[in-house]
Amino acid sequence: MSDQNSITVDVVSDVVCPWCFIGQKRLDTAIAAAGEVEVHVRWRPFQLDPTIPPEGKDRREYMITKFGSEQRIREIHARIEPLGEAEGISFAFDAIKVAPNTLDAHRVIRWAGAAGEAVQNRLVRRLFQLNFEEGANLGDHAVLIEAGREAGMDVSVVETLLPTDADVEAVRTEIATASRMGITGVPCFLLEGKYAVMGAQDADTLADAIRQVAAAKARGELETAN
């Protein structure tokens, strides 16, 4: 395909955001629907709560503090679960015991991006599954290392870098940049670095946006994104 019939979609998301998991599934559907456009996906970091300590917090206590009551939490989960089911997601919220700090997960996603688009996409999908369908602790380095292995990363690199501060500031800077751009909630889909689609929009909306931006690019109305 020609470069003019390809676009880049930067997905700003957090791996503990259920709407981001739904958004990932809908983006896949949208890309398949807009099959005439070659879509390159890059995952960008966002933290719903950067104040969570590195060891994480008890999720039940954390959620009650955040939302006020068990009843409110059940209502939120009941609203999300059927939407997930429609996208092939089996949300297992009760299995999640730890609310993790996701900074390290975002570092691994960044390194996966250096290994290639396909590797990064596999890793992000696996991290969503681990958190939401298997109740794994995404703050646990062993979990992140194994996810990296499954995604096709060079695990020795992950094992070496994770205990260090490598790319901590780079990830925080990216998150700060998203905030300065006005991104206050996720997922946010940035098409060609210029057009933002906010929230877990339905696949048809995303597919239309992909087609429109690709058409504008083909007409020379966009500068090529970096």
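Residues numbered from 1 in each chain as written. Predicted model: local features only at pLDDT ≥ 70, side-chain atom pairs only at ≥ 80, totals over all residues. Heavy atoms only, no water.

Draft legend 1. Looking closely at the nonpolar core. Within the largest apolar cluster, 64 residues are counted, with the highest numbers of intra-cluster contacts made by I7, L123, L127, L191 and I210. Looking at this core element by element, the count peaks at 8 residues for helix α9 (residues 203-218). I52, Y62, I73 and A99 belong to the second largest nonpolar core, which has 5 residues in total. (Core = buried A, V, L, I, M, F, W, Y, C linked by side-chain atoms within 4.5 Å. Buried < 20%, exposed > 50% of the residue type's maximum accessible area, 1.4 Å probe, protein only. Helix = DSSP H or I, 4+ residues; strand = E, 2+ residues; numbered from the N terminus.)

Draft legend 2. Spatial organisation of the pattern of salt bridges. If you walk through the whole model with that rule in mind, you get 18 salt bridges. As a salt-bridge pair, D10 and R44 come within 3.0 Å of each other at their nearest N and O atoms. Taken together, the positions of D10 in strand β1 (residues 6-13) and R44 in strand β2 (residues 38-45) put the pair 34 residues apart, joining distant regions of the chain. Residue E174 pairs with R110 through a salt bridge whose shortest N-O separation is 3.0 Å. In this pair, E174 is assigned in helix α8 (residues 168-180) and R110 in helix α4 (residues 103-115), connecting sequence segments 64 residues apart. Via salt bridges that share partners, D10, R42, R44, R110, D167 and E174 belong to a single interconnected network. (Salt bridge = Lys/Arg side-chain N within 4 Å of Asp/Glu carboxyl O.)

Draft legend 3. Here's a closer look at the pairing of β2. Burial along β2 is one-sided: the residues V39, V41, W43 and P45 are buried and none of E38, H40, R42 and R44 is. The pairing of β1 with β2 spans 8 bridges and is classified as parallel. Within β2, the residue paired with S13 across the bridge is P45. What joins β1 to β2 is helix α1 (residues 18-33), and the crossover it makes is right-handed. (Pairing = 2+ DSSP bridges. Right-handed = clockwise from strand over helix to strand, strands pointing away.)

Draft legend 4. Quick look at the environment of A166. Among the secondary structure elements, A166 is positioned in the loop between α7 (155-161) and α8. C-alpha separation for the pair A166 and R107, spaced 59 residues apart in sequence, amounts to 8.1 Å. If near-sequence neighbours (up to four positions away) are discounted, A166 is found in contact with R107, W111 and L161. (Contact = heavy atoms within 4.5 Å.)

Draft legend 5. Here's a closer look at unusual backbone geometry. In this structure, P187 follows V186 across a cis peptide bond, with omega equal to 5 degrees. Relative to the elements of secondary structure, P187 occurs in the loop between α8 and β5 (188-191). Although it is not a glycine, D167 sits at a positive phi angle of roughly 65 degrees. Mapping D167 onto the fold places it in the loop between α7 and α8. For D167, a relative accessible area of 30% corresponds to the partly exposed category. Located in the positive-phi region is E192, a residue other than glycine, with phi close to 55 degrees. On the secondary structure map, E192 appears in the loop between β5 and β6 (195-198).

Draft legend 6. Highlighting the packing of helix α5 (residues 117-132) against helix α6 (residues 141-151). Remark: α5 packs on α6, axes separated minimally by 8 Å, with the N-to-C direction vectors making an angle of 135 degrees. Compared by their axis directions, α5 and α6 come out oblique. For the crossing formed where α5 meets α6, the hand is right-handed. Touching V119, R122, L123, R126, L127 and L130 of α5 are V143, L144, A147, G148, E150 and A151, all from α6. Counted by class, the contact of α5 with α6 contains 8 nonpolar, 1 polar and 3 charged residues. (Axes fitted to C-alpha atoms, helices over the stretch in contact; angles between N-to-C directions. Parallel < 35°, antiparallel > 145°, perpendicular 65-115°, else oblique. Left-handed = near helix turned anticlockwise from the far one by under 90°. Nonpolar A, V, L, I, M, F, W, Y, C, P; charged D, E, K, R; others polar.)

Draft legend 7. Expanded view of α1. Along its 16 residues, α1 runs 23 Å from first to last C-alpha, staying within 8% of the 22 Å computed at 1.5 Å per residue. Buried residues of α1: P18, C20, F21, I22, G23, Q24, R26, L27 and A30, and no others. Residues of α1 that are buried sit in contact with β1, β2, α3 (70-86), α5, β5 and α9. (Expected span 1.5 Å × (residues − 1).)

Draft legend 8. A look at the side chain of Q120. Along the chain, Q120 turns up in helix α5. Take Q120: its relative accessible area is 6%, and that puts it in the buried class. Apart from residues lying up to four places away in sequence, Q120 is in contact with V41, R42, W43, I109, A112 and G113.

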